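Structure at a glance
Spelled out from the first residue to the last, the chains are:
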Amino acid sequence: MEINDRFLRACRREPVDITPVWFMRQAGRYMAEYRAIREKYSLIEICQHPEIAAEVTMQPVRALGVDAAILFADILLPVIPLGLGLEFAKGEGPMIASPVRTLDDVHAMKPFDAESDLRYVMDAIRILRGTLNVVPLIGFCGAPFTVASYIIEGGSSREFLKTKTMMYSTPEIFHALMEKLAAVLSDYLVAQIRAGAQAVQVFDSWIGALSPSDYEMFVLPYSQKVLKAAEAMNVPVIHFGTNTTMLLPLMKRAGGSVLGLDWRLPLDDGWRIIGYDRAVQGNLDPAILFAPLSEIKKRVHDILRRAEGRPGHIFNLGHGILQHTPVDHVKAVVDLVHEYSAVKVEV
Ligand code: CP3
């Protein structure tokens, strides 16, 4: 069978037959097939068994008909070989056993080599590239700031107070940590591309907590290093964040051939700010998937109308699929995007 490459074409802003669509967190607990596997294995165990990770990666491709697969893994996996300890406690989200708070903590982080330390991730990619052959495979990592926030806080956070206290009070520690993470995450992404990832996404999910000037000073150079390392491998690079309305020009400067947009600003406004020399991905509110189909239809149509059929739009949500999302509504969005974009949408 011929590979469906409309996702890769759209990333390169080439014309496509219909708009490609995939979803962040398209594999996960909202799917019964995933829950069945999770009864037997923890999240980390799934990631550490390449055959199982490959199987979970394929579940949404089969069930939904999406135009891309995203490798099943987690942005926090590099924390394990760095020696910080990672656990996903039930209902609590990720927990880091040894958070980084001092310069000694930064220097105590172990040396990292992605190909050997996270071989199970690369093996999952190699299995998928050997068997997938229907849609392209996306690899990913967290951006330095988002990963640093977990490493400093010790887990999820609302205010990022420990992270910001380190930034503002002991910037030399923060910069040393970001420097280390930029090297680790660049190596991790490059290893995924070498293993066969055909595009990569850099998740800076919590970057919207920062002002533009703090982004420019504390984050941009480090994100740029990771994004440029991936771009040098000649694959599409998606740069994603949420709450980024004020950060988009700086995120563009940091890098990425595709910029991810959340739902807080209309897609056409976001694209205008970014400029048409980049592709965009987004931007349906994940909560819309809980609404009746009639409402979902309107919202999907509205996003496609705003994209104006311009080459370089990848349909996605503005953030990941939420737990308890009705699977039939997710499938409906795939079909609606394909159906509506097959005919030229009226502007
Ligand atoms: O998108 C996919 O289908 C690929 C798999 C994927 C996972 N995590 C698996 C996962 C991806 C791309 C991620 C990225 C990730 N992980 C991000 C960035 C994306 C985002 O949503 O902003 C972040 C911030 C993390 C860190 C993380 N992992 C958190 C905060 C949690 C707990 C949240 C929760 O829902 O409990 C996780 C756990 C996690 N990673 C799950 C999945 C499917 C939860 C399901 C489970 O426990 O089985």
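The residue numbering used here restarts from 1 in each chain and proceeds along that chain's sequence as written. Given that the model is predicted, a residue must reach a pLDDT of at least 70 before its local features are reported, and side-chain atom pairs must reach 80 or more before they are shown or counted; all residues, however, enter totals for whole chains, interfaces and linings. No hydrogens and no water enter the side-chain calculation; it runs on all heavy atoms of the structure.

**Notes on the packing of helix H9 (residues 161-169) against helix H10 (residues 171-195)**
Two elements in contact, H9 and H10, have axes whose closest approach is 5 Å; the angle formed by their N-to-C orientations is 115°. Judged on the interaxial angle alone, H10 and H9 are roughly perpendicular. Here Thr 163, Met 166, Met 167, Tyr 168 and Ser 169 of H9 come into contact with H10, specifically with Pro 171, Ile 173 and Phe 174. Amino acids outside the nonpolar list (Ala, Val, Leu, Ile, Met, Phe, Trp, Tyr, Cys, Pro) and the charged list (Asp, Glu, Lys, Arg) are all regarded as polar, and Gly is one of them. Residues that form the contact of H9 with H10 fall into these classes: 6 nonpolar, 2 polar and no charged. Throughout, an axis means a line fitted to C-alpha atoms (over the contacting stretch in the case of helices), and angles, computed between N-to-C directions, take values from 0 to 180 degrees. Secondary structure elements follow DSSP: runs of H or I of four or more residues count as helices, runs of E of two or more count as strands, with numbering from the N terminus. Angles are sorted into four bins: roughly parallel if under 35 degrees, roughly antiparallel if over 145, roughly perpendicular if 65 to 115, and oblique for all others. The contact definition used throughout considers only heavy atoms, calling two residues in contact when any of these lie within 4.5 Å.

**Comments concerning helix H8 (residues 144-153)**
Counting buried positions along H8 yields 10 of 10 residues, so the element is predominantly enclosed. Burial here depends on accessible area, computed with a 1.4 Å probe over protein chains only, as a share of the maximum for the residue type. Under 20% is buried, over 50% is exposed, and the range in between is partly exposed. Taken together, the buried positions of H8 are Pro 144, Phe 145, Thr 146, Val 147, Ala 148, Ser 149, Tyr 150, Ile 151, Ile 152 and Glu 153. Where the residues of H8 are buried, they touch strand E3 (93-96), strand E4 (137-142), H9, H10, strand E5 (199-204) and helix H12 (220-231). Two residues or fewer past H8, Gly 154 is found with a positive phi of approximately 90°.

**Some words on a positive patch on the surface**
Each patch is assembled from residues with relative accessible area greater than 30% and no salt bridge, linking like charges that lie within 9 Å and nonpolar side chains (Val, Leu, Ile, Met, Phe, Trp, Tyr) that lie within 5 Å. Only the protein chains shown count as covering a residue, and every accessible area follows the Shrake-Rupley method with a 1.4 Å probe. A side-chain nitrogen of Lys or Arg and a carboxyl oxygen of Asp or Glu constitute a salt bridge if their distance falls within 4 Å. Charge convention: Lys and Arg are scored as positive, Asp and Glu as negative, and His as well as the terminal groups of each chain are ignored. A charged residue contributes its charge at one atom only: NZ of Lys, CZ of Arg, CG of Asp or CD of Glu. On the surface, Arg 25, Arg 29, Arg 38 and Lys 90 cluster together into a patch of positive charge. Tracing the chain through its elements places Arg 25 in the loop between helix H1 (6-11) and helix H2 (32-38).

**Quick look at the sheet that holds E4**
Pairing is parallel across the open sheet formed by 7 strands, whose spatial order is E1-E4-E5-E6-E7-E8-E9. Each end of this open sheet is capped by a strand with a single partner; those strands are strand E1 (69-70) and strand E9 (313-317). Strand pairing is defined by DSSP finding a minimum of two bridges between the two strands. Where E1 lies against E4, 2 bridges are found, and the strand directions are parallel. In the sheet register, Ala 69 faces E4, and the bridge partner there is Leu 137. Across the sheet, H10 lies against E4 and E5, angled at about 170° from E4, the strand it touches most.

**Focus: helix H16 (residues 327-342)**
Under the convention used throughout, the expected extent of a helix is 1.5 Å for every residue step, that is, one less than its residue count. In a regular helix each residue adds 1.5 Å, so 16 residues correspond to 22 Å; H16 covers 23 Å between its end C-alpha atoms and thus fits that length. Those residues of H16 lying buried are His 329, Val 330, Ala 332, Val 333, Val 334, Leu 336, Val 337, His 338, Tyr 340 and Ser 341. Contacts from the buried residues of H16 go to H1, helix H4 (50-64), strand E8 (279-284), helix H15 (293-307) and E9.

**With respect to the nonpolar core**
Among buried residues, those of type Ala, Val, Leu, Ile, Met, Phe, Trp, Tyr and Cys that are joined through side-chain atoms within 4.5 Å constitute a nonpolar core. Residues Phe 7, Trp 22, Phe 23 and Val 300 are the most contacted members of the largest nonpolar core, which totals 130 residues. When residues in this core are grouped by element, the largest group, 13 residues, is from H10. If sequence neighbours within four positions are ignored, Trp 22 has contacts with Phe 7, Val 66, Ala 68, Ile 70, Ile 138, Gln 201, Ile 238, Gln 281, Ile 314, Phe 315 and Asn 316.

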